[in-house]
Amino acid sequence: MRTQGKFIERVLFLLALSAVSSLILITVFIFMEGLPLIVHTGLGNFILSTHWAPTKGHFGIFAMIVSSILVTLGALALGVPLGLSCAITLAEFAPSPVRRVLKPALELLAGIPSVVYGFLGVVWLVPLIREHLGGPGLSLLAASIILGIMILPTVISISIDALTAVPDIYREGSIALGATRWQTVRRVVLPAASSGIVTAIILGMGRAVGETMAVIMVAGNALKLPTSVLDPVRTLTSNIALELAYAAGRHREALFATGIVLFLIIMLLNFSATLITRRR
Amino acid sequence: MPYPSQRTALAGAHPARGPLRLRVVVIFLLPFLMLLLLAPGGCRSRSAGHLSRLCVAGSTSVQPFAEKLAEIYMHQHPEVRIDVQGGGSSAGIFAATQGAAELGASSRELVGPEKNLQDIPIAYDGIAVIVHPSNPLANIRLEDIRRIFQGQLTDWGLLGLKPHPIDIITREEGSGTREAFEHLVMGTSEITPGALVQDSNGAVREIVAGDPHSIGYISAGLVNEQVKALAIDGVLPTRENIKNQKYRLVRRFHLVSKQPPGGACKAFVDFVLSPQGQHLLEAEGLVGIK
């Protein structure tokens, strides 16, 4: 039994190694494909120019970087207050039958394919924005709203985990000192769970930055720097997915270079999430 | 920190003895490992079984149609393998000249020394400029289309309609339809960065069908009752007008080869020009050459 256990251990280790090596392979591949273009156009020209016409030799992705950031911030502005209040209600106030129904329902939200969110956005949200607020409807606002809903499950489930991880002794102590339930939540539970909540927000952010399909469908994908929330925008992810089909040569390299920028942004987000959770 | 769903799933599982559970895990994981090891070899051995290969390279506009034709043709003739590659018309013509590809695909006419190649036109492709059906506009000048897509003419009011900003819908960079539109309408000028970008004819049509203030362009064969195709300088993009090239936004798709095609190559070209091949092209939105 013991030797068998050792053998299985080895096999699992090998499998784990292959998972990690595929990650390394992907990283190396993206950089190998994309770096030549960054060297060719110069990092400054690539990142700080807004002129993107890859078939005519212009490779500036500044507008897309800005759009990605704006769409993500928009999604957070909607998703974090909603998600956090949902998590607090479910973890601290809701009677357990409500929690038993609501929590799985919210987790189900994570299982809906993003193309469905995008489709709902196109047929329902976009016309609503076009008719009531103006513009083409496909916009920064539409993308932010759809993404805000899409990050809810991530934000909610990780926040609930963080809140329930706070020991009950804290709550009991606070209430014994005469605090109300809300005061307990605000002054004791939330601060104690704050690192977990920040992680939830950052992971939600990572999901928003990386989301592609739904954004392509509702954001309009225009190359201009947006001047209002009703302007169409193109994010880094949509740029890659939109143009990869028939891209060749420098154009293809430019899309991989876009991938490098995206890769670095997401690495940065994940790294800071780890850092924040470790610090506490 | 695990997701709660994962935690409950684990807690709900039977508390199996350690090694037993490990064995189950391994049984589930082993196939993946095998797949990983076998994948590269499996692909190669399969393609070696084919008798003749054919390479069609060139225009990205022709590519989807060539892929469709190749797919049907290979289904009928399992002994032939056809590789369809992109790269652009010039690259395709060059590949045919060099013999790197048996057939080059081009969405432009041959020029200069290229005319020594065998030129086989296979279809006409018309591009329709479309607006919402409620738009009262029926005719537009080519010049105005250019100014709209340049971002200089930004309001329907300037065309004598009810004033409202124009929503411009274009295709993504690298799209063959966009390349043709730029060539036939834009000349050397660029499409405004303010234009909305969609990545298929169908998506452009959907957006235009939903937005009363929009203008876009799609393959003429894909116009349906959801949208209205505009006449350009008085000519509508009908089948006849595209075929006799009275309509302005038309190009021909060609296959080119160095020598008169023979063998498997000739059989494929004959298939493309056969009623079945032409019918396939028409079903995909082109106008047949015959």
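Residues numbered from 1 in each chain as written. Chains lettered and ligands numbered in written order. Predicted model: local features only at pLDDT ≥ 70, side-chain atom pairs only at ≥ 80, totals over all residues.

**A closer look at the overall build of chain B**
Link 1 in the chain: Secondary structure assignment for chain B yields 10 helices and 12 strands.
Link 2 in the chain: Across the 290 residues of chain B, 39% fall into the buried class.
Link 3 in the chain: Looking at chain B alone, contacts between residues at least 24 apart form 72% of all its contacts between residues at least 6 apart. (Helix = DSSP H or I, 4+ residues; strand = E, 2+ residues; numbered from the N terminus. Buried ≥ 20, exposed ≤ 12 C-beta atoms within 10 Å, placed from the backbone. Contact = placed C-beta atoms within 7 Å.)

**A look at the packing of helix 3 (residues 62–93) of chain A against helix 9 (residues 181–210) of chain A**
All names here are of chain A.
Link 1 in the chain: For the pair helix 3 and helix 9, the least separation of the axes is 9 Å and the interaxial angle reads 140 degrees. Viewed along their axes, helix 3 and helix 9 adopt a mutual orientation that is oblique. At the point where helix 3 passes helix 9, the crossing takes the right-handed sense. Residues S68, T72, A75, L76, G79, V80, L84, I88 and E92 of helix 3 pack against V185, V189, I197, I201, G204, M205, A208 and V209 of helix 9.
Link 2 in the chain: Here the residues of the contact of helix 3 with helix 9 are counted per class, giving 12 nonpolar, four polar and one charged. (Axes fitted to C-alpha atoms, helices over the stretch in contact; angles between N-to-C directions. Parallel < 35°, antiparallel > 145°, perpendicular 65-115°, else oblique. Left-handed = near helix turned anticlockwise from the far one by under 90°. Nonpolar A, V, L, I, M, F, W, Y, C, P; charged D, E, K, R; others polar.)

**Examining the interface of chain A and chain B**
Link 1 in the chain: With 35 residues of chain A in contact, the opposing surface of chain B contributes 30 residues.
Link 2 in the chain: Those elements that place two or more of their residues in the side of chain A that touches chain B are helix 1 (2–41), helix 5 (114–132), helix 7 (152–164) and helix 11 (236–243) of chain A.
Link 3 in the chain: The dominant element in the side of chain A that touches chain B, judged by the number of residues it contributes, is helix 1 of chain A, at six residues.
Link 4 in the chain: Considering only residue class, the side of chain A that touches chain B consists of 19 nonpolar, 10 polar and six charged.

**Some remarks on the nonpolar core**
Link 1 in the chain: Counting 137 residues, the largest nonpolar core has A:A142, A:A143, A:I146, A:V218 and B:V56 as its most contacted members.
Link 2 in the chain: Element by element, the count of residues in this core is highest for helix 3 of chain A, at 11 residues.
Link 3 in the chain: Once you skip the residues sitting within four places of it in the chain, A:V218 turns out to touch A:G118, A:G121, A:V122, A:L125, A:V126, A:L138, A:A142, A:A143 and A:I146. (Core = buried A, V, L, I, M, F, W, Y, C linked by C-beta atoms within 7 Å.)

**Quick word on the environment of B:R178**
All names here are of chain B.
Link 1 in the chain: Mapping R178 onto the fold places it in helix 6 (residues 176–186).
Link 2 in the chain: Along the backbone, R178 and K246 are 68 residues apart, and their C-alpha atoms lie at a distance of 21 Å.
Link 3 in the chain: Ignoring anything within four residues of it in the chain, the contact list for R178 reads T170, R171, E172 and E173.

**Brief notes about the pairing of strand 11 (residues 250–257) of chain B**
All names here are of chain B.
Link 1 in the chain: Of all eight residues that make up strand 11, seven are buried, and the element is covered over most of its length.
Link 2 in the chain: Bridge count for strand 3 (residues 103–106) against strand 11 is three bridges, and the pairing is antiparallel. Bridge pairing in strand 11 links S106 to H254.
Link 3 in the chain: Inspection of the sheet shows strand 4 (residues 118–131) paired to strand 11 by eight bridges, in the antiparallel sense. Bridge assignment links I120 to a residue of strand 11, and that residue is L255. (Pairing = 2+ DSSP bridges.)

**Details of unusual backbone geometry**
Residue and element names in this part refer to chain B.
Link 1 in the chain: Positive phi values are uncommon outside glycine, yet D233 reaches one of about 50 degrees.
Link 2 in the chain: Inspection of the secondary structure puts D233 in the loop between strand 10 (231–232) and helix 8 (239–243).
Link 3 in the chain: Judged by the 14 C-beta atoms lying within 10 Å of it, D233 is partly exposed.

**Considerations on the pairing of strand 6 (residues 167–171) of chain B**
In summary, the side chains of a regular strand alternate between the two faces of the sheet.
Residues and elements named next belong to chain B.
Link 1 in the chain: Here strand 6 lies mainly inside the structure; five of its five residues are buried.
Link 2 in the chain: Neither face of strand 6 is left uncovered, since the one carrying D167, I169 and R171 and the one carrying I168 and T170 both have all their residues buried.
Link 3 in the chain: Bridging between strand 6 and strand 8 (residues 214–219) involves two bridges; their strand directions are parallel. Across the sheet, the residue bridging to I168 is I215, located in strand 8.
Link 4 in the chain: With three bridges connecting them, strand 6 and strand 7 (residues 196–198) associate as parallel partners. Bridge pairing links R171 to Q198 in strand 7.
Link 5 in the chain: In this fold, the crossover linking strand 6 to strand 7 by way of helix 6 has right-handed handedness. (Right-handed = clockwise from strand over helix to strand, strands pointing away.)

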